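# Structural description and commentary
What follows is the residue order along each chain.
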Amino acid sequence: MSFNFPLEEESEGGLKKRGGPPPPSRAAVQLKPFDFDAAKKEFEPYRKQIEEMKTQAIGFEVVGVESNTQAVAMMGQARILSKAITGLKDKTLRPHNDFRTKVIAFAKAFSVPAEEAVSILNKKTKDFAYQELLRKRKEEKEERELAEKRQKELNDEADAAGVERVELPQTPIDKGEKVQTRTESGSSLSITLEWKGVVVDPVKVERSLCSPDQKKVDEAVKAGLRESPGIEG
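Being a predicted model, the structure only gives us computed values, none of them experimental.

The tally for this structure, following the rule as stated, stands at 10 salt bridges. One salt bridge in this structure joins Lys89 and Asp90, with 3.0 Å as the shortest N-O distance. The class for Lys89 is partly exposed, based on a relative accessible area of 35%. On the basis of relative accessibility, which here comes to 34%, the residue Asp90 falls in the partly exposed class. With a closest N to O distance of 3.5 Å, Glu153 and Arg150 form a salt bridge. Highlighted residues: Glu153 and Arg150, both in helix H3 (residues 65–161), separated by three residues, approximately one helical turn. What emerges from the salt-bridge pattern is a single network uniting Glu132, Arg135 and Glu139.

With that settled, the discussion passes to helix H4 (residues 214–222). Residue Asp213 occupies the N-cap position of H4, its side-chain oxygen lying 3.1 Å from the main-chain nitrogen of Lys215. Positive phi appears at Gly224, one or two residues downstream of H4, with a value of about 125°.

The next thing to look at is the packing of helix H2 (residues 47–59) against H3. For the pair H2 and H3, the least separation of the axes is 11 Å and the interaxial angle reads 150°. When the axes of H2 and H3 are compared, the pair comes out roughly antiparallel. Crossing of H2 over H3 shows left-handed handedness. Across from Gln49, Ile50 and Met53 in H2, the residues of H3 making contact are Gln77, Ala78, Leu81 and Ile85. Taken together, the residues of the contact of H2 with H3 sort by class into five nonpolar, two polar and no charged.

What counts, and at which threshold
- Each chain has its residues counted from 1, following the order in which its sequence is written.
- Where local features are concerned, this predicted model is filtered to residues with pLDDT of at least 70; where side-chain atom pairs are given and counted, the filter is 80 or more; whole-chain, interface and lining totals use all residues.
- Calculated side-chain values reflect all of the structure's heavy atoms, with hydrogen atoms and water omitted.
- Basic side-chain nitrogens of Lys or Arg form a salt bridge, by our definition, when they fall within 4 Å of a carboxyl oxygen of Asp or Glu.
- Partly exposed residues are those whose accessible area sits between 20% and 50% of the maximum for their type, while under 20% is buried and over 50% is exposed, using a 1.4 Å probe and protein chains only.
- Strands are runs of DSSP state E lasting at least 2 residues, helices are runs of H or I lasting at least 4, and numbering of each runs from the N terminus.
- Definition of a polar contact: a pair of N or O atoms within 3.5 Å, with one able to donate and the other able to accept a hydrogen when the atoms are protein atoms, and with sequence-neighbouring residues admitted only if both atoms are side-chain atoms.
- In this analysis an axis means a line fitted to C-alpha atoms, helices contributing only their contacting stretch, and an angle means the value between N-to-C directions, from 0 to 180 degrees.
- Each angle gets one of four labels, with under 35 degrees taken as roughly parallel, over 145 as roughly antiparallel, 65 to 115 as roughly perpendicular, and the rest as oblique.
- By convention the crossing between two helices is left-handed if the near helix lies anticlockwise of the far one by an angle smaller than a right angle, and right-handed if it lies clockwise.
- Only heavy atoms matter for contacts: two residues are in contact if any of them lie within 4.5 Å across the pair.
- As a working rule, the residues Ala, Val, Leu, Ile, Met, Phe, Trp, Tyr, Cys and Pro are called nonpolar, Asp, Glu, Lys and Arg charged, and the rest polar, with Gly in that last group.

Next comes the structure, spelled out in structure tokens:
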């Protein structure tokens, strides 16, 4: 069994008959740029074939070797028609794609220098933000050192007087590490530097900070692993 229409070969922009009744006739359509109604007429002759193909596929039952072989043959016919539709789509879009490619290439002559200017200025603002954060950290360090010195003096005075020590409020630490800039024109830039931990000895890293490598697990299972603690194949 096969679909009730001739098997056809794919050719650029349509189908080439291999035998049987002729495919639906297609009148040449002169497409205007972005004329969707005209483009639809190019595809319309395939509508009935595709609908019949889907109906037959739904009703077909694979019950044995022979019907399975027939199903594979029908799949081949359906794939040929699908590729032909894709070819027609590509042919229809080609003029517009060529135009789009040319406009994009032309626009790059303007956008690339503009983005280069953005990149240059972005580097300079990041350098400034880095220096600002270093200055901020230096000030915080100095404030902590002054607070620690003052706390020690108070502790010594309390001990000498035989009274209970008084704890000064802790110097707050800004964990945001952020530098924001806003302009009158509405432009803004926010740069955040984050603390990151660097693994220097994997053996000593706590298990709570580790996670299984899914890629390695998948590779091991693919290679034949069927039993392993904590893994279900």
